[in-house]
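Spelled out from the first residue to the last, the chains are:
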Amino acid sequence: MNGHQCIVVVGTQWGDEGKGKIVDVLSADADIVARYQGGANAGHTVDVAGEQFILRQIPSGILHEGTRCLLGNGVVFDLLQFFEELDGLFARGVEVSGRLGVSGRANLLLPYHRRLDLASEASRGEGKIGTTGRGIGPAYEDKIARRGIRVADLRDPGHAHELIVAGTRRTNPLLEALGAEPMEPEAVALEVLAVRDRLVPLITDTGLEITRALQDGAHVLLEGAQGALLDVDHGTYPFVTSSNTTAGGAAIGVGIGPTAIDAVLGVVKAYTTRVGSGPLPSEIPGTLGEELRRVGGEFGAVTGRPRRCGWFDAVVVRYGARVNGLSGLAITKLDVLDGFDELNIAVAYEIDGRRCDDFPDDMSALERAVPVYETLPGWRSDTSGARSVQDLPPRARAYLRRLEELTGVPMWYVSIGTGRDEIIRVR
């Protein structure tokens, strides 16, 4: 873990940067891996000896024997999906007993949140914000409105039953107003409480666990979902998720003090992608963008939706570096660019005839932004076998050096494939 005891791993673009692989690699040296926000809308893909695992809520460290995996209080916890995912790991021979913990302070994401999310998005018509329909927004709304149900509430089944029935009844008029079918409160309560006995033994105080582990010299990874540009405060609002995806949310989301964190690793693709609606200044139109999508396999791990593809946007990553306080970069999918003759890098924007080097807070201005490109020659050779920077073609090394210069952040890792061994440790 590069000599650090507690590292936050964050996405530095619009998500889908390859955080799952990077956390998996770092987990070989970690004692605890903890998720600090998001929910089952995440889709971390990990390739282990040619076998692919897609993890939605369970941290990527679960694929390393002996690593303790926690879901923090900042997560909205979909307990039904969690046990589907857990049973899937059991079926594939992953031993998880005694290795999972869920914060008692985490809010539950319930079936009526999913139904409301889908109905709300459908009602927006052309104004859709691109939600995954997993209920994330409505669950966070209930949390902030102080009407949410927390994991710890399940310790008392009678009390939990009352809360779930009341929550369903409260949601039904909203569903009907949106033209959706209401839900049967008793049926929702029975469905949720059917897995209660499996969950209660997993309830823990994640902040206390992590604090004690750090005091004992353990190594901890804090894992985020989505990316910095989807942060509810710092992202391209309103086309964002409903939580703080940036590193500042990590301490809050697991229950530790900010001084316990000693490094932040930003994960960034060697190009740019985005799922759903919202501005993407460096988007590549036409067949070239489609080719990048095809070569990079750019389809959502959870939704299967095609990702929009663009050139590397240094304005975005500089902004991501600033709001996250990045210590280092992990650059992923460099190999996807192996076949391109030329590579553009957006070094600035032109907005209404004026050059803009910093990321704007006005989304209407961002919609009008025209990228100012710098063009570098491609390397037109296979990088997948490289295991050191010196193994890379000179033009690939020049490209990476330029990304370092433009973002102001040193490279720690370069990924050149999906496998665990297909990675270069730079520092």
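Residues numbered from 1 in each chain as written. Predicted model: local features only at pLDDT ≥ 70, side-chain atom pairs only at ≥ 80, totals over all residues. Heavy atoms only, no water.

Would you take a moment to explain the overall build of the chain for this structure?
Scanning the chain from N- to C-terminus turns up 13 helices and 20 strands. Taken over C-alpha atoms, the radius of gyration comes to 21 Å for the chain, in line with the 22 Å a tight globule of 427 residues would show. Seen through its principal axes, the chain has C-alpha atoms that stretch 65 × 50 × 40 Å. Contacts in the chain between residues far apart in sequence, at least 24 positions, make up 76% of those at least 6 positions apart. Just so you have it, the chain exposes about 17100 Å², and 48% of that area is on carbon and sulfur atoms. (Helix = DSSP H or I, 4+ residues; strand = E, 2+ residues; numbered from the N terminus. Rg over C-alpha atoms; globule rule 2.2 N^0.38 Å. Contact = heavy atoms within 4.5 Å. Areas by Shrake-Rupley, 256 points an atom, 1.4 Å probe, with all protein chains shown as cover.)

Could you clarify how one ought to interpret the pairing of strand β19 (residues 411-415) in this entry?
The side chains of a regular strand alternate, residue by residue, between the two faces of the sheet. The element β19 is largely enclosed, with a buried count of five among its five residues. Across three bridges, the pairing between strand β15 (residues 328-332) and β19 is parallel. When the sheet's bridge partners are listed, L329 is paired in β19 with M411. Sheet topology places β19 next to strand β20 (residues 423-425); three bridges connect them, and they run antiparallel. If you follow Y413 over to β20, its bridge partner there is R425. (Buried < 20%, exposed > 50% of the residue type's maximum accessible area, 1.4 Å probe, protein only. Pairing = 2+ DSSP bridges.)

I would appreciate a short explanation of the pattern of salt bridges in the present structure.
Note that side chains of opposite charge can pair when their charged atoms are close. Under the definition given, this model contains 23 salt bridges. Measuring nitrogen to oxygen at the nearest pair gives 2.6 Å for the salt bridge that ties R196 to D197. Assessed through its relative accessible area of 15%, R196 is described here as buried. For the salt bridge of E374 with R402, the shortest nitrogen-to-oxygen distance reads 2.6 Å. One end of the pair, E374, is in strand β18 (residues 370-377); the other, R402, is in helix α13 (residues 394-407), and 28 residues separate them in sequence. Here the salt bridges share partners, and the residues they tie into one network are D16, K269, E298, R307 and K333. (Salt bridge = Lys/Arg side-chain N within 4 Å of Asp/Glu carboxyl O.)

Explain the sheet that holds strand β10 (residues 220-223) to me, please; I cannot follow it from the model alone.
Strand pairing in a sheet takes place through backbone hydrogen bonds and is either antiparallel or parallel in direction. Spatially, β9-β7-β5-β2-β10-β1-β11-β15-β19-β20 is the arrangement adopted by the ten strands of the open sheet, whose pairing is mixed. If you trace the sheet from one side to the other, it starts and ends with β9 (203-204) and β20, each paired once. As paired strands, strand β11 (residues 263-269) and β15 are joined by five bridges and run parallel to one another. If you follow V268 over to β15, its bridge partner there is I331.

Which parts of the structure should I look at to understand helix α1 (residues 19-26)?
The periodicity of an α-helix, 3.6 residues per turn, causes residues three or four positions apart to be oriented the same way. Counting buried positions along α1 gives eight out of eight residues, so the element sits mostly inside the fold. Looking only at α1, the buried set comprises K19, G20, K21, I22, V23, D24, V25 and L26.

What is the right way to read helix α8 (residues 206-215) from this model?
Among the residues of α8, T206, G207, I210, A213 and L214 are the ones counted as buried. Seen along its axis, α8 keeps its buried residues to an arc of 135 degrees; they face one direction. In this structure, α8 carries R212 and Q215 as exposed residues pointing more than 90 degrees from its buried face. Residue D205 occupies the N-cap position of α8, its side-chain oxygen lying 3.2 Å from the main-chain nitrogen of G207. At the C-terminal side of α8, G217 shows a positive phi close to 90 degrees. (Arc of directions from axis to C-beta. Polar contact = N/O pair within 3.5 Å; in protein donor to acceptor, adjacent residues only side chain to side chain.)

How should I be thinking about the side chain of D78 in this particular structure?
Its place among the elements puts D78 in the loop between β6 (76-77) and α2 (79-91). Judged by relative accessible area, D78 falls into the buried class, the value being 3%. There is a polar contact of 3.1 Å between the side chain of D78 and the backbone nitrogen of Q81.

Looking at this structure, I do not really get the packing of aromatic side chains. What am I missing?
Any two aromatic rings considered together are summarised by their centre-to-centre distance and by the angle between their planes. The final tally for this structure, using the stated rule, is five aromatic pairs. Between W311 and F340, the aromatic rings sit 6.3 Å apart at their centres with planes inclined by 80 degrees, giving edge-to-face as the arrangement. Placement of W311 in the loop between β13 (308-310) and β14 (312-313) and of F340 in the loop between β15 and β16 (342-351) is noted, with a sequence separation of 29 residues between them. Judged by relative accessible area, W311 falls into the buried class, the value being 8%. Centroid distance W379 to Y399: 5.7 Å. Interplanar angle 55 degrees. Geometry classified as tilted. On the criterion of sequence distance, the pair formed by W379 in the loop between β18 and α13 and Y399 in helix α13 is long-range, its members being 20 residues apart. Three or more aromatic residues joined by ring pairs form one cluster here, namely F77, F82 and F83. Taking NZ or CZ as reference, R92 lies 3.9 Å from the ring centre of F53, over its face. (Phe/Tyr/Trp six-rings, centres within 6.5 Å; stacked < 30°, edge-to-face > 60°. Lys NZ or Arg CZ within 6 Å of the ring centre and 35° of its normal.)

Can you walk me through the nonpolar core in this structure?
General note: in soluble globular proteins, nonpolar side chains tend to be found buried as a group. Judged by nonpolar contacts, the single largest core of 56 residues is most densely connected at V8, I210, L222, L334, L337, I345 and Y399. Among the elements that line this core, the one with the most residues is α13, at five residues. Every residue in contact with L222, bar those within four places of it in the chain, is listed here: C6, I7, V8, V9, A34, Y36, I210, A250, V254, I256 and I261. If you look at the next biggest cluster of nonpolar residues, it comprises 44 residues, including V94, V102, L154 and L199. (Core = buried A, V, L, I, M, F, W, Y, C linked by side-chain atoms within 4.5 Å.)

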